[in-house]
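# Architecture and fold: a report
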Amino acid sequence: MNAPVDLDHARIAATTPLDRLDPSNPALFRDDVWQPYFARLRREAPVHYCAESMFGPFWSISTYKDIMQCELAHKVLSSDSLHGGISIRDRDKALRLPMFIAMDPPQHDEQRKVVQPIVAPGNLAKLEHVIRERAIRILEGLPRNETFNWVDRVSIELTVSMLATLFDFPQEDRRKLSHWSDCATALPMPGGLIENEEQREAVFAEMLGAFMKLWNERVNADPRPDLISMLAHGEATRNMTPREFMGNLVLLIVGGNDTTRNSISGGVLFLNENPAEYNKLRANPALIETMVPEIIRYQTPLAHMRRTAVADFEIGGKTIRAGEKVVMWYISGNRDETAIEQPDRFIIDRARPRGHLSFGFGIHRCVGNRLAELQLKILWEEILRRFPRIEVVGRPERTYSAFVHGITNLPVRIPG
Amino acid sequence: MPQVTYIEHDGTEHRIALEAGKSVMQGAVDNAIPGIDADCGGECACATCHVYVDEAWLAQCGTPGEQEASMLSFAATAAPNSRLSCQITMSPALDGLIVRMPEAQH
């Protein structure tokens with residue numbers, strides 16, 4: 001069984017006046033108590049206006065069907081960083097970061113098409129043996145009968161070494177990639193990873209410096225199948241401003257990092273919370289195929305994507321006015337009982353497990369979705385070959401964020 | 001009922017009868033034909049029901065709408081005869097339709 005929802009939060013979620021309900025509070029995600037708040041929104045106010053939050057006023061879209069409608073309405077619901085981009089937190093206009101996920105057509109389409117080939121079926125097939133080799137090396141190096149943080153030793157390690165390969169970035173510096181990724185999404189706060197935006201800009205400048213070196217090497221060489229070479233030679237990207245290059249780097253680093261990392265961690269946790277499913281998996285490893293998308297649904301590594309209305313938009317009997325912020329809560333749509341059977345249960349052999357919202361839908365759908373699945377699939381194949389059991393031996397710690405739905409510490413022990 | 005033939009990337013053929021009004025994607029899903037994923041369930045929002053329409057049937061199937069063309073433009077395996085099968089509605093005029101699947105859906 002899954003851990004029961006904190007009773008107090010069930011009560012608070014049920015009794016707070018609807019117009020004062022704020023599902024964006026990052027503490028709800030850090031403490032893993034977001035579920036009853038979204039259950040109430042889906043039931044009573046699927047299109048909901050929150051007038052006051054630490055991110056300012058915003059609309060919440062919480063059901064599967066309404067989220068799908070918003071995903072398809074990209075002409076009215078803009079992703080452009082000029083309007084605030086794709087996450088609930090507005091950035092200072094002077095610090096805006098153009099990147100293709102935070103652009104509208106036609107520029108979005110042109111830049112996306114430059115990097116898309118890296119995850120085309122032919123290229124994925126080539127990456128498969130690299131991923132497997134890395135996964136084996138990481139798993140073989142894990143201690144037995146000793147408590148360690150799965151997130152650090154496996155989830156981060158596998159995703160950064162993959163990213164370094166995609167960028168053809170020096171493997172020995174791969175941990176810089178996860179550091180930059182964490183800095184890119186951290187909420188500034190005293191004592192936090194990032195205390196203010198100046199610090200973040202300094203980290204971005206360091207990142208840009210490292211990548212400019214690679215760019216300069218590759219722009220003068222023949223095109224190669226790595227992301228930097230592709231950007232340096234791509235028609236729509238070779239004349240990017242440094243700021244645009246920086247933005248797209250942040251996109252590719254965060255996109256390739258946080259999401260897969262947190263699904264790798266989530267999988268171990270969910271199987272421990274659901275021993276019957278873990279037994280099913282051990283008895284039939286072929287279920288990895290359907291388990292992988294189920295892990296991605298159940299974790300929902302990005303809790304939301306944000307849009308900004310550029311014209312009035314009618315949805316669910318409400319009118320969203322031009323200029324207003326719209327938050328599509330994937331984490332809620334993935335638990336919508338009208339779209340997914342028994343959505344609060346982790347079931348590794350669902351008939352159609354890929355119909356979840358974690359990758360988004362429409363023109364901004366995750367470019368790397370098949371690569372993410374491939375990494376999880378290979379990792380689980382190699383885990384099952386080696387370890388009959390990975391035991392979670394302590395409480396997971398989670399990210400303080402309404403955007404990245406992450407696990408920062410997962411204490412585990414491998415008996416042996 | 002009108003018939004559709006789906007040809008997998010490895011050449012395996014599946015011939016089914018598909019009720020007029022249903023989409024070519026639905027026919028594949030209902031009959032568990034491999035090679036069509038249809039992650040979004042027919043909303044024209046993911047491009048994982050991508051097929052190549054046999055040249056002889058191209059005109060009969062019509063042309064992709066704006067959203068479909070956008071989604072197809074992101075598929076590295078797309079060709080001039082590519083369509084999203086959720087956007088092709090079966091009709092008596094399409095009896096005998098042949099579609100082929102790409103190497104993989106993504």
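Our structure is the block above this text.
Note that the coordinates shown come from a computational prediction; the quantities given were computed from them, not determined experimentally.

This next bit is on the overall build of chain B. Looking only at helices and strands, one finds 3 helices and 5 strands in chain B. Reading chain B from its N end, one meets helices and strands in the order β-β-α-β-α-α-β-β. Relative to its length of 106 residues, chain B is compact, with a C-alpha radius of gyration of 12 Å against a globular reference of 13 Å. Taking the principal axes of the C-alpha coordinates as reference, chain B spans close to 35 × 25 × 25 Å. Considering only intrachain contacts with a sequence separation of at least 6, the fraction spanning at least 24 residues in chain B is 64%.

Moving on, we get to the sheet that holds strand β8 (residues 325-329) of chain A. All names here are of chain A. Ordered in space as β1-β2-β8-β5-β3, the 5 strands form an open sheet in which the pairing is mixed. The open sheet terminates on both sides in strands that have one partner only, identified here as β1 (47-50) and β3 (77-78). With 4 bridges joining them, β1 and strand β2 (residues 58-61) adopt antiparallel strand pairing. By the bridge assignment, Cys50 is partnered in β2 with Phe58. Those strands touched by helix α4 (residues 64-72) are β1, β2, β3, β5 (304-309) and β8, and its axis lies near 130° from that of β8.

Now for the sheet that holds strand β2 (residues 13-17) of chain B. Within a sheet, each strand pairs with its neighbour through backbone hydrogen bonds, oriented either parallel or antiparallel. All names here are of chain B. Spatially, the 5 strands line up as an open sheet ordered β2-β1-β5-β3-β4, and their pairing is mixed. With one partner strand each, in any of the chains shown, β2 and β4 (82-84) form the two edges of the open sheet. Along the sheet, successive strands turn relative to each other by an average axial angle of 35°, direction set aside. Sheet topology places strand β1 (residues 3-7) next to strand β5 (residues 97-100); 4 bridges connect them, and they run parallel.

The rules behind these values
Residues numbered from 1 in each chain as written. Chains lettered and ligands numbered in written order. Predicted model: local features only at pLDDT ≥ 70, side-chain atom pairs only at ≥ 80, totals over all residues. Heavy atoms only, no water. Helix = DSSP H or I, 4+ residues; strand = E, 2+ residues; numbered from the N terminus. Rg over C-alpha atoms; globule rule 2.2 N^0.38 Å. Contact = heavy atoms within 4.5 Å. Pairing = 2+ DSSP bridges. Axes fitted to C-alpha atoms, helices over the stretch in contact; angles between N-to-C directions.

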